[in-house]
Every structure is written in C-alpha cells, then in structure tokens.
Amino acid sequence: MTQSVVVQVGQCGNQVGCRFWDLALREHAAVNKKGIYDEALSSFFRNVDTRSGDNGPDIYKGKICSLKARALLIDMEEGVVNEILQGPLRDVFDSKQLITDVSGSGNNWAVGHKIYGCQYQENIVEKLRKAAEHCDCLQCFFIIHSMGGGTGSGLGTFVLNLLEEEFPEVYRFVTSVYPSGEDDVITSPYNSVLAMKELNEHADCVLPIENESLFEIVNKIHQMINSGKLGSTVKQNSLVTSSAGSVKTLQEKPFDAMNNIVANLLLNLTSSARFEGSLNMDLNEISMNLVPFPRLHYLVSSLTPLYTLADVNVPSRRLDQMFSDAFSRDHQLIQADPKHSLYLACALLVRGNVQVSDLRRNIERLKPSLHFVSWNQEGWKTGLCSVPPVGHSHSLLALANNTCVKPTFIELKDRFMKLYKKKAHLHHYLQIDGMEQSCFSEAISSLSDLIEEYNELDAAKGGPRIDPSRLKIAV
Amino acid sequence: MSIVTVQLGQCGNQIGHEVFSALCSDIRGTHGLCSKKENESYQESCKERFFCEEESGVPAARAVLVDMEPKVISQTLSMAASSGHWKYNSHSHFCQKQGSGNNWANGYRVHGPRHKEAIMELVQKEAEKCDRLGGFFTIMSMAGGTGSGLGAFVTQCLRDAFPTSFLLNHVIWPYGTGEVIVQNYNSVLTLSHLYHSSDALLVHENDVIHKICAQLMNIKQISFRDVNQVIAHQLGSVFQPTHTAGGGSGYSRNPLGDLLEPLVPHPEFRLLGLRNIPQMPQSSLAFSSFSWPGLLKHLRQILIANAHMEEGIDWQVRPPQPGSSIPSTNKPLHFNTSIANLVILRGKDVHSVDVGSFQDPSLYTSWLNPQDAFNAWKTPRAFNKYEKSAALVSNSQFLLKPLDSIVGKAWNMFASKAYLHQYTKFGIQEEDFLDCFTTLEQVISSYTNL
C-alpha cells in the first residue's frame, strides 16, 4: 500500500484542501467501523501517539490514536491557514506542516515564484522530506492550487519544480483551478500562463477545474432540490457538494459547496488505490494509460451521480444513466464538451456495487457516439472499486484526455495577449528579481506549442483512416 | 507427480484462488458416479498433484502467489483460509507496495531482476516439497503490468532454473474493448517473450468467457468472480486426474507431459485453446441429460467452425473434401485447421464413446499422422457434478484471429509512437518492440498457412 502527500498552496488550495481532509475523514469513518488504523487510512493519514504531546512516534498498527494528515499547508497570508487551525480540523494538522507568511503575494506570480520561492525553499524542502520520511512507500504528491493568483500559482509551481528535483520517482498530480473569464483579478491571465509553462514541464498529470463549472453544478443541485421534482428526499450526505456528516457542522462558507466537489474528485481518484475491488486502478496506472505523449497530460474530469435519492433500490436503468451523465457537458469540471471533441484516452473509475458486465454494456452503448483517435479506438481504462462513496451505492469518475481542453487554453492565451500587447501591469512583474521579458515570451510559447499539439491531433480527426501496413514475413 | 502453480498479478491470483477452490470442491463431493475405491483414488491423485498435506490437516495448495501490491494477495489468502477446506501456505507469497502501473517494462526490467531471488526461493521451496515435480503452471493476464511483465520475466527464470521441467503458461486475453489502454502493447511484449521460454500457452479470452456467462450460465450482472469461476471449471476439467490412453488402471502420473507432448509437436505452434461442453448453471444440472454422441457432435463442430460454446455454432462450415490436395489458401473460409487435438471425457458410460469423428484427417494439417494428431482420455469419475462432460484442448487456428487483431491494434498505436515514452523510461526501446512484432507476425503467418 502506498502513501500520498497533499501540498495545498494559497487561499484556494487551502480551502479546497480543507474540504478534502474533512471528507476523507468522513469516508474512512464510514468504512472503518472498528477504529483500527488500517492500510487504507495510512495512504493519507499518519497515526500518531499523542499521549505525550505532539511529537509522539507513529503507530503503524492497532487502534487509532490520533490521525494526522499527510499534508503541507503553504500560504503567504495567514488568514486561511489560521482559520483551519482554529476550526474543527485543527488536530489533524501538525504545526510543523505549515509554512505561512503575512503579506501575501499580491496576485503576482513572480512574487510567489521568485521571491517567496527563494526565501522558503529550504524550509519547504525540509518539511517535504519530513513528510516523505513518515511514509513507508510514497507514491504520489497531490498539489492543490489556483492558477490565477500569486501564491497558489507562483509558489505552487515553484513547489512543483522542487518536487521533481527532490523526489523524481514520485508522481506529481496537480489539481489546478483555472480563472474564469470574469475573474476579478486583472492579472490572472499572466499568472495562469506563467504557471502553465511549469505545469507543462513538471507535472505528471493535471486536472484542470473551472469555477464556472463548479458553480453550475451547485446551481443545478439547488434547482433539483427546490423544484420538488424529485419524488423522494435526497440523501443529504450524498450530495457531491455537501459537508453533511463531516466534522464541519457550522455554517457553510460560500465556496464550500464548490470545493466539496473537488474534494470528492480527489477521493474518487484515489479510492481504488486505498480500497479493494475486482479490478484495481492505482495512481501510477492512471498516468501510464492516460498520457500518450509527455506534454499531453491534461485530464478533463467528471463526477456522477451528483446526488442519490433516499430510496435505496437502484434499477440498472439508473446505473446506465450514471454512465451517460459522465459524458454530458453538465457534469464536466471544466467548461468543455468532450463528446464533440477527440478522445485520446478515457478512464472510468467505478465505485460500489457495479460489475464488469455493467461496465461493458455501457462502454458498448456509449462508444458509437464518441470520437477516439485513430490509433486508440479502444482507448478505455477501467477500474472497479468495491467501496462506494458516503451516501451512494455506486459512483463513477471519468477522466478524459480529450482535445476539448483546447478552447480553455486558447481563451487563456487570448486574454494573456490582450494584456501583453499593451504591456499592461508588466512592470509589476519585471521589477521582481529574476524576472525578465523572456519569462513571458517563453511561457506563451510553451502554451502555443501545447495548443498546436492538440490542433494536429484534431486535424487528423475527420480524415480517412489509413492503418499503417504491417510487417511482412517471407513465407 | 505434482504441479507447482505460480499466480502472478491481480488476475493470476484471483483466478488461481477459484481454480484451487473448484478442484477442492470437486474432490470433496460424492457425486463421482463411480465406485468408492475409484473416488478415493481420484482424490488421492488430485491431492498429490495440487495440494500438500500440512500438520493442521488442512491441505495447502502447491502455489506461490506473486503481486507487486498487497491488496489482492491478502484478500486471496483470507478467502482461501475461510473456506475451511483448503488454504495457501502462509509463507508462499511475495508482494510489494507500489504495483507495476500497467507498465510491462516496469514489471520486466525493474521488478523482475529486483525480486528474482526472493520469488525463485519461494518456488524452489514449493518444488522441494513435491515428491516428484511434474512441472510448472503459471497464471497471468497479459494486459496489465505485473502478470504480464513480471510474469514473462519469472517464466524465463523458471525455464533457466528448471530446464527439463514442463512449463505451461495460462494466459488471459483481455476484453477487446479495453480494460487497459496499453493492453495491446503489453500483450505483444508478453506473448513474444513467453513464446521463447514457455512450452505452451493455454489461452482464455475474457470476451468469450463473458459470453458463456451471459448466454449459457444465465448470469444477469456478470462479475469478474463469475468469469473466473467458469475459467476454473474449464481448467479443472483438464487438470483433474485422468486415465490417459493405454495408461492402465491408474491415473496419469505425468499430467503436464501427457498434455504437452502430443499437443505441441513443433516449437512454432504453441497456442492452445480450450473448449468445454456442456456448461450451465448448477441449478439446471439436475434437469439436464446429455448423450455422448450429441456432446461429441457439438464439440467437433465447435472445433471445425471455431465456435466458442454450444450455442450459436455455424453448422454450415465443413472440412475440405478428403483426398484432394488443397493448397492452404483455398481451404474453405472459416474452417479451423488443427495441428493436434486432445479430447478429455469424464463421466458416465465414458468407455463406450466413439471418438472416431475427431480422427478425420481432413481436420488436420498434412504434416502429422492423424493417429498422432489426436488423443482422447476417458475417465469414468464425473467432474464437478456434471454427469457427462467433455473438454477439448486444441492446437489449431482458434486463436489466429484474436492474435492478429491484437497485433494489428498494437502496430497501429506503435506507428503513432503513442505511450512509447512510458516504456523507454524503464528500458524497453523501440527496437525491442520491433523484435516482438516480428516474432508474432511469424507466428501469425505460420498459423495462417496451415
């Protein structure tokens, strides 16, 4: 069994991270009735003997004493992290896992990456090493951050670089929240594009998320509940947006519902690595199967179902509906439509009481309406995990390597160019030590190259399928 | 003689468990339809072959469990132990933490060499427990990373360490529409490597077994466990004790040798397919009865028409006219030419069965005498509650189309260079791929020109 370490950077990263830890505890509490510290728990939590204080030794077996998250919380402002430490999750984090400062990064990637990066490099490396030492077999780092600001974007990608240097064998999965068009941070295009270059070069897999999509999902759920259309009541804790049953019971903050969706994404992604099933799908398999070329590692994700009704009996019709939903526009976590673009690869991670025949039936049913690249017509990676998420009898996470990410990147490039042509706000960046004009030109060039790679794949899409001729054997 | 089983990866371990379960439940039953003495002899033979007596009294399977991550092995061990009737030896397993990530190169070039000593030590221990070692049986899938990559490496090690022992690989071919995206690469790499070290590859295809579950077993929501149980039944029908032709009154003392020697007369032709008839849900067994002529007629047509089960057989397919020398390219389409066949009959009135229809020379290639190309084993002791059952192990063109399909898809992907960086990272280069493609194109060509 392997362990993963979560590195949450910046305001967004920490708020999402907080929801993740909360829901992770809830999930394990639901499965682990006896309070024994088992392998599944150990993938994200340490079990520490705190009877003699916080510095107690790790306990590897037996009853749970005190669970500590395998996490690093980094923020250049204190507000968010302080709130976490005063909230109900305070015992899950150890003061030695935090790195904070006071003044923030001013929504400036360069401040986050160059100034704070340099300043805190040693501290970060030391804390990462410590976290790694507590792991028997560290498999993956999860970075959670946003792209549009200064800390998450700049310092977050600096940490990404560090991870590659210090732990080259460990996978780096990055959950990045991309800014929307009406983002109130004017310089978010600069920050995002500068961060993209780092993601292109140093991440193994990136799961892009857009706030607009999360917002739409939240709205959709509210509408369904309030419209009274649902025959019976919805199970509160099954809502993909809900914190019900978790430690945090006080009033929900505005972004909590949206952040819960991302938290659920991470839980589902790692479920097969933590729990048993008839066809396991580990994190290294996700990277292996979904990344055909090193730079094309952006995966569009979708989660279904968004809620479960209280009546438990689920006919297979509803099961099939779950699969159909996973491919619909409304369930994607970015503003993209994979159905009408080209699939390079697709992974389906099913949880709960679903068998291989259900999986096959739905793949056969949905295949004809999806376009797969010519050299990967059967590009499906599947996993079956027996343990469903809290409140559900089954769920599905779909990860697609699909050219539908292209419009998101093109838009980002356009917004960047709008500012860059006028050199708007550029001086805020260039005055930072280590920043030069070339940083910008290299970053936009990296993004353009990426878009071009997707373009080439799309161009071949409609054309006639000519299979390369096979090797001939002399008879 | 005893057989040591090596279960590799998730698939290998899940199937292995079902196989030992099926063997054990078969010998414990009193439905053998034969004399008590015969039944006891059968039980003794099976136990000697597959299980080892331990002090606790619960027989321990002669098996080594290998996986690169712990969840499946721990599940397998506990499921066996909870049956109360058999178990695995508590030390005969090896696992790691990280898995192979569906990466053949990782399994073959990294895990293989790193863990060779530990794994081979376990195999050696199991081999030493056998009074007489009859050979090795490995179970693996070829789609993933451990069963396929590490499995290929371990097979080579077995060949090197036991050069004179029989070595049979049971290989699971994945669903055509994908369980793993790089499954075709992993399959090509596995098959070509196994071809060089193994004696024969006994193949089961997930698509085929799935159909059997759906159409014959009437299972609505088919799980991998259901698939594995059908596979276990088919394997059991081959590996349970048999009287071989002219073997006197006792059960065969050399199960793997008796199987492999007639079926694999030429090193270029190592692919064996397996068919079993009848197959039905246990609940229907009491209400069904079959005649041997009926069963054999269906089995023969399954062979000729390359059918997968007793439903949906194409009865139009006929063997070519005898006497005329027909160049292989003109042979009737869809006709499945055989090199060698083995029919294993178990149950009531088995000695009265006429298997002459399988000796028809037109079923076979011209370069073997039909008397040598066909063998039949008849055993009166019934298997797994089936009053009569017949299994066919065939070295024929059964697997030609599926093999060609896998190689074609892999080649298509290879031409675009997709995913290659994942393999080169662990030391498998493009040239290695090309060698493997060449080996398999040669195999395809050989089987095509039968």
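Above this note sits the structure.
This text gives an overview of the structure that appears in the document. (Residues numbered from 1 in each chain as written. Chains lettered and ligands numbered in written order. Predicted model: local features only at pLDDT ≥ 70, side-chain atom pairs only at ≥ 80, totals over all residues. Heavy atoms only, no water.)

Attention now moves to the overall build of chain B. Scanning chain B for helices and strands turns up 14 helices and 13 strands. Its C-alpha atoms give chain B a radius of gyration of 21 Å, near enough to 22 Å, the size a compact globule of 450 residues would have. If one aligns the C-alpha atoms of chain B with their principal axes, the spans along those axes are about 60 × 60 × 45 Å. Roughly 16,200 Å² of accessible area belongs to chain B as shown, and the carbon and sulfur atoms make up 51% of that amount. A distance of 4 Å separates the average location of the 36 positive side-chain charges in chain B from that of its 39 negative side-chain charges. (Helix = DSSP H or I, 4+ residues; strand = E, 2+ residues; numbered from the N terminus. Rg over C-alpha atoms; globule rule 2.2 N^0.38 Å. Areas by Shrake-Rupley, 256 points an atom, 1.4 Å probe, with all protein chains shown as cover. Lys, Arg positive; Asp, Glu negative; His and termini not counted. Charge placed at Lys NZ, Arg CZ, Asp CG, Glu CD.)

Here the focus is the packing of helix α7 (residues 206-216) of chain B against helix α8 (residues 224-239) of chain B. Residues and elements named next belong to chain B. Packing of α7 against α8 leaves a shortest axis separation of 9 Å and a crossing angle of 100 degrees. Of the possible angle classes, the one that applies to α7 and α8 is roughly perpendicular. Of the residues in α8, those touching α7 at N206, I209, I212 and C213 are F224, D226, V227, V230, I231 and Q234. Partitioning the contact of α7 with α8 into residue classes produces seven nonpolar, two polar and one charged. (Axes fitted to C-alpha atoms, helices over the stretch in contact; angles between N-to-C directions. Parallel < 35°, antiparallel > 145°, perpendicular 65-115°, else oblique. Contact = heavy atoms within 4.5 Å. Nonpolar A, V, L, I, M, F, W, Y, C, P; charged D, E, K, R; others polar.)

So, about helix α7 (residues 211-227) of chain A. Residue and element names in this part refer to chain A. Helix length check: α7, at 17 residues, gives a terminal C-alpha distance of 24 Å against a target of 24 Å (1.5 Å per residue), a fit within 8%. Restricting attention to buried positions, one finds in α7 the residues S213, L214, I217, V218 and I221. All buried residues of α7 project into a common sector of 140 degrees when viewed along the axis, lining one side. Exposed and facing more than 90 degrees away from the buried side of α7 are Q223 and N226. Residues of α7 that are buried in the fold lie against β8 (205-210) and α8 (256-274). (Expected span 1.5 Å × (residues − 1). Buried < 20%, exposed > 50% of the residue type's maximum accessible area, 1.4 Å probe, protein only. Arc of directions from axis to C-beta.)

It is worth spelling out empty space enclosed by the protein at this point. Taken as a whole and assessed by the stated rule, the structure comprises nine cavities of 30 Å³ or more. Of the pockets and cavities examined, the largest cavity occupies roughly 530 Å³. Lining the largest cavity are 42 residues, with L279 of chain A together with Q10, C11, S141 and G144 of chain B sitting closest to its centre. At the level of secondary structure, the elements contributing two or more residues to the lining of the largest cavity comprise α8, α9 (283-290) and β12 (380-385) of chain A together with α1 (9-28), α3 (70-83), α5 (146-161), β8 (167-173) and α8 of chain B. Among the elements that line the lining of the largest cavity, the one with the most residues is α1 of chain B, at five residues. Residues that form the lining of the largest cavity fall into these classes: 15 nonpolar, 20 polar and seven charged. The calculated volume of the second largest cavity comes to roughly 170 Å³. (1 Å grid on protein atoms, 1.4 Å probe; cavity = no way out; pocket = protein on both sides within 12 Å on 5 of 7 lines; lining within 4 Å. Points joined across faces, edges and corners; volume = space filled by probe spheres on them.)

Before going further, it helps to spend a moment on the packing of aromatic side chains. Under the criterion given, the structure shown has 45 aromatic pairs over all chains. Taken together, a centroid distance of 5.7 Å and an interplanar angle of 10 degrees make the contact between Y420 of chain A and F440 of chain A stacked. Here the residue Y420 of chain A occupies a position in helix α12 (residues 406-421), and F440 of chain A occupies one in helix α14 (residues 437-459), the gap between them amounting to 20 residues. Feature note: the residues F20, W21, F44, F45, F93, F142 and F173 of chain A constitute an aromatic cluster, connected by ring pairs. Directly above the ring of F398 of chain B sits R275 of chain B, whose terminal nitrogen or CZ lies 3.9 Å from the centroid. (Phe/Tyr/Trp six-rings, centres within 6.5 Å; stacked < 30°, edge-to-face > 60°. Lys NZ or Arg CZ within 6 Å of the ring centre and 35° of its normal.)

One open sheet accounts for three strands, arranged β2-β3-β5 (chain B); its pairing is mixed. A strand with exactly one partner marks an edge of an open sheet, and here the two such strands are β2 (51-52) and β5 (87-88) of chain B. (Pairing = 2+ DSSP bridges.)

Between two packed helices, the angle of one axis relative to the other and the distance separating the axes together describe the packing. All names here are of chain A. Closest axis-to-axis distance for the helix α6 (residues 188-202)/α12 pair is 9 Å, and the angle between their directions is 125 degrees. Classified by the interaxial angle, the pair formed by α6 and α12 is oblique. At the point where α6 passes α12, the crossing takes the left-handed sense. Counted together, P189, Y190, S192, V193 and M196 of α6 and F409, L412, R415, F416, L419 and Y420 of α12 form the full contact between these two elements. Counted by class, the contact of α6 with α12 contains nine nonpolar, one polar and one charged residues. (Left-handed = near helix turned anticlockwise from the far one by under 90°.)

Another point: the interface of chain A and chain B. Reports often express the size of an interface as the amount of accessible area lost when the parts come together. Each partner contributes to the interface: chain A provides 56 residues, whereas chain B provides 50 residues. Roughly 4,400 Å² of surface becomes buried between chain A and chain B when both sides are summed, with 52% attributable to carbon and sulfur atoms. Sorting the residues of chain A by area buried against chain B places M288, R470 and L471 of chain A first, and these three jointly supply 18% of that buried surface. Summed over the shared surface of chain A and chain B, the result is four salt bridges. Applying the counting criterion to the chain A and chain B interface returns 31 residue pairs in polar contact (both at pLDDT 80 or more). Elements that contribute at least two residues to the side of chain A that touches chain B include exactly β6 (138-146), α8, α9, β10 (342-352), α11 (356-366) and β12 of chain A. Of the residues forming the side of chain A that touches chain B, the biggest block, six residues, is contributed by α9 of chain A. Its residues assigned to classes, the side of chain A that touches chain B comprises 24 nonpolar, 17 polar and 15 charged. (Buried area = accessible area lost by both parts, 1.4 Å probe. Salt bridge = Lys/Arg side-chain N within 4 Å of Asp/Glu carboxyl O. Polar contact = N/O pair within 3.5 Å; in protein donor to acceptor, adjacent residues only side chain to side chain.)

What follows covers unusual backbone geometry. In the segment running from T304 of chain A into P305 of chain A, the intervening peptide bond is cis, with an omega of -10 degrees. Considering the arrangement of structural elements, one finds P305 of chain A in the loop between β9 (300-304) and α10 (316-326). Despite not being glycine, H425 of chain A has its phi angle at roughly 60 degrees, a positive value. At K385 of chain B, a residue that is not glycine, the phi angle is positive and equals roughly 70 degrees.

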